[in-house]
Amino acid sequence: AVAVSTGLVGDAFLAFLSVVALVTMTASSLLIVHGRGIVSQVFDPPEREQEDANPVLLGFNAMGERIEEFLRDRFGQVTIVDRSVGGAASPSVGDDELVFGSLEHEEVRRCCSLSSAPVVVSVNEDLDVESEVLKESPSCPVVLSSDDREASLELLELGADYVIDEKMLSSEELAERVRER
């Protein structure tokens, strides 16, 4: 405004600068909000094919260890996602099969290829994370766990193929039910 009043800048140039500022602010706001999606579409490699994908086990506790053994027998290799430091301490788990982190982060979900996994099993019992699992893996069987009957019913309504209720099933009973399928 001072430059216009002193005559250093004309009205037309000030209008041009205002339009440039508006376009720049709009573009930067869109990049801040949608930047990860745009960058991942442009720079990320395409998803792995389903034939190359491993089954995914989310969380690693006593029940997860039994399920990991079964999945390894059936598929050969299992991708384990765990956020605890000492979680996947099984001698059969290699570093290339372990993804450290939480599924709350998009990078972790993309790294373990949930969308192309032949089966996804979660022993996390976090309703928000398990809802994300259902959204990310619509085309494969999804087995989730819950310690609450109401949460189990909600997960089934959201589209889970099976819900493990630890109060009702032991890990051996779960293995038998999965083998029967």
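The structure we're discussing is the one just above.
Residues numbered from 1 in each chain as written. Predicted model: local features only at pLDDT ≥ 70, side-chain atom pairs only at ≥ 80, totals over all residues. Heavy atoms only, no water.

Draft legend 1. Inspection of the pairing of strand β2 (residues 79-82) at higher detail. The two faces of β2 match: Thr79 and Val81 on one face and Ile80 and Asp82 on the other face are all buried. Two strands pair when backbone bridges link them, and strand β1 (residues 56-58) and β2 are joined in this way by three bridges, in the parallel orientation. Residue pairing across strands places Val56 opposite Thr79, the latter belonging to β2. A crossover links β1 with its parallel partner β2, the connecting element being helix α3 (residues 62-75), and its sense is right-handed. In this structure, β2 lies alongside strand β3 (residues 98-100), joined through three bridges in parallel fashion. Along β3, the bridge assignment pairs Asp82 with Phe100. (Buried < 20%, exposed > 50% of the residue type's maximum accessible area, 1.4 Å probe, protein only. Helix = DSSP H or I, 4+ residues; strand = E, 2+ residues; numbered from the N terminus. Pairing = 2+ DSSP bridges. Right-handed = clockwise from strand over helix to strand, strands pointing away.)

Draft legend 2. Geometry of empty space enclosed by the protein. In total, this model carries one cavity of 30 Å³ or more according to the counting rule given. Of the pockets and cavities examined, the largest cavity occupies roughly 70 Å³. Around the largest cavity sit Leu58, Gly59, Val81, Asp82, Arg83, Gly101, Ser102, Leu103, Asn124 and Val129, which together line it. Tallied by class, the residues present in the lining of the largest cavity amount to four nonpolar, four polar and two charged. (1 Å grid on protein atoms, 1.4 Å probe; cavity = no way out; pocket = protein on both sides within 12 Å on 5 of 7 lines; lining within 4 Å. Points joined across faces, edges and corners; volume = space filled by probe spheres on them. Nonpolar A, V, L, I, M, F, W, Y, C, P; charged D, E, K, R; others polar.)

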